[in-house]
Amino acid sequence: VDMGAKLLCLFLASALVAYYVYIPISEDFEEPWKVMLITAAFRAAAHLAEVVHQLGLMHHVEALMLITTFEYIAPTSDENVTVMDTEFNNVGVRLYLPRKLSDGLRRAVVYFHGGGWCIGQAGMKPYDCLTRWTSNRLSAVMVSVNYRLAPKYRFPAQFEDAYSVMKFFHQSSVLSQYGVDPDRICVAGDSAGGNLAAAVAQQLLEDSEVETKLKAQALLYPALQSLDLNLPSYQKNENKFYMVRLWSEYFTSDSSLREAMASNRHVPVESSHLFPFVNWSNLLPEEMKKDHVYTSPTYGSSELAQKYPGFLHPRAAPLLASDAQLRRLPLTYILTCEYDVLRDDGVMYARRLQAAGVPVTHDHAKDAFHGAMLFVSGPIELAVGHQLVNRYIKWLNENL
């Protein structure tokens, strides 16, 4: 009986490991077992956070944030870059200042980290690596921003912090202090940070107090709209539920918004004029529309939109900006990944910007997934992560 019990435990343990680790992986991936392990780790972390949440011990987002603290590294200078934590307009930032002498003024990039507006920080090892490498290879000043996070702070707090830092940095006295060329500034970010970067770039155009214009924006697998959460990339991705949860947490803890978003019935009929901005049947290429049929929106209650109007605002959903606003934006780099719930957001924004006459480099990675650029240092490194980082930095070097 004892041996039978041990065998049963072994079987159950093996089944559990197999459930987490073995996930059908596309042949497009260069290192499938590494991708399986990464996916399994994320699933395990999400499930653990949900269990903690259901037990009433901690909000699930706070549980995930605890996990990310293990990735934190203190500001550490090296032979190439001086690194320090400081504040711009009372918002925490991590500065990366090149050490080698410059013949003239330097380029600069203001970077917003990802994490669904809920988790992450500039001091996480993957972000520290990315901004450090960018600073060194471009001989550029990097400003990596620690904006406020949900659930403690909801929209528009994250956007307000992001914009506050950008506006502070654009002051001629600040640019002069760090030796930055006012004509060579880029705003950048990944995922939720890409959302903030896009919104900041749009808002700068409306701000008469800001004289300096952005040279460029770089959006890495950005989240750009919460109007239609049933795009083909949402339908084909198992992370749809998690992305919907992050979107709703950005605005409120009210489960009624999350439930309405999950069924894609959160937009009231009086906002129907916004849907052409995100109509994927017109904006996606044919190969991304295959096996998917566009259906007209199913409208929801006006009450949710009145209580939480943020999800209908371009500051939270930059894809909702008008064509007249888009055509004034600077040259743009957009990275999208085939295996990403947010793929279609970036593809549609690239298409709309191109139609508005904005110079756009749309880099679509057919062999990558959301967040791939974070896997450029141990314990798990991906070749595709290094490739994407190199492509992003190469674009910046050639265009900034």
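Going by the structure above, here's the rest.
Residues numbered from 1 in each chain as written. Predicted model: local features only at pLDDT ≥ 70, side-chain atom pairs only at ≥ 80, totals over all residues. Heavy atoms only, no water.

1. Quick word on helix H4 (residues 125–138)
- With 14 residues, H4 ought to run about 20 Å at 1.5 Å a step, and its terminal C-alpha atoms sit 20 Å apart, in line with that.
- Across the 14 residues that make up H4, a large majority, 10, are buried.
- For H4, the full list of buried residues reads Pro126, Tyr127, Asp128, Cys129, Leu130, Thr131, Arg132, Thr134, Ser135 and Leu138.
- On its buried face, H4 is in contact with strand S1 (81–88), strand S2 (91–98), strand S3 (106–112), strand S4 (141–146), strand S5 (180–190) and helix H16 (383–399).
- Of the residues trailing H4, serine 139 is marked for its positive phi of about 50 degrees. (Helix = DSSP H or I, 4+ residues; strand = E, 2+ residues; numbered from the N terminus. Expected span 1.5 Å × (residues − 1). Buried < 20%, exposed > 50% of the residue type's maximum accessible area, 1.4 Å probe, protein only. Contact = heavy atoms within 4.5 Å.)

2. A look at a nonpolar patch on the surface
- A cluster of nonpolar side chains, contributed by Leu48, Ile67 and Phe70, occupies part of the molecular surface with about 340 Å² of accessible area.
- Structurally, isoleucine 67 can be placed in helix H3 (residues 60–68).
- A residue is classified by how much of its surface remains accessible, and isoleucine 67, at 34% relative accessible area, is partly exposed. (Patch = residues over 30% accessible without salt bridge, like charges linked within 9 Å, V, L, I, M, F, W, Y side chains within 5 Å. Areas by Shrake-Rupley, 256 points an atom, 1.4 Å probe, with all protein chains shown as cover. Salt bridge = Lys/Arg side-chain N within 4 Å of Asp/Glu carboxyl O.)

3. Some remarks on the side chain of glutamine 217
- Mapped onto the elements of the fold, glutamine 217 is located in strand S6 (residues 216–220).
- A relative accessible area of 0% places glutamine 217 in the buried class.
- Only 3.0 Å separates the side chain of glutamine 217 from the side chain of threonine 332, close enough to count as a polar contact.
- Dropping the residues within four chain positions of it, glutamine 217 is found in contact with Cys186, Val187, Ala197, Ala198, Ala201, Leu329, Pro330, Leu331, Thr332, Tyr333, Leu353 and Trp395. (Polar contact = N/O pair within 3.5 Å; in protein donor to acceptor, adjacent residues only side chain to side chain.)

4. So, unusual backbone geometry
- Cis geometry marks the peptide bond from alanine 150 to proline 151, where omega comes out at 5 degrees.
- Counting through the fold element by element, proline 151 comes out in the loop between S4 and helix H5 (157–169).
- A cis amide bond links phenylalanine 155 to the next residue, proline 156, at an omega of 10 degrees.
- Tracing the backbone through its elements, the reader meets proline 156 in the loop between S4 and H5.
- Phi is positive for asparagine 89, which is not a glycine, with a value near 55 degrees.

5. Considering the nonpolar core
- Ranked by size, the top nonpolar core spans 91 residues in total, and within it Phe112, Phe169, Trp247 and Tyr349 carry the most contacts.
- With nine residues, helix H7 (residues 192–206) is the largest single contributor of residues to this core.
- Not counting residues within four places of it along the chain, the set of residues in contact with phenylalanine 169 comprises Phe88, Ala108, Val110, Val141, Val143, Val174, Leu175, Tyr178 and Val180.
- Counting 38 residues, the second largest nonpolar core, distinct from the first, contains Val376, Val384, Trp395 and Leu396. (Core = buried A, V, L, I, M, F, W, Y, C linked by side-chain atoms within 4.5 Å.)

Note that every value here comes from positions in space, so none of it alone points to a role or purpose.
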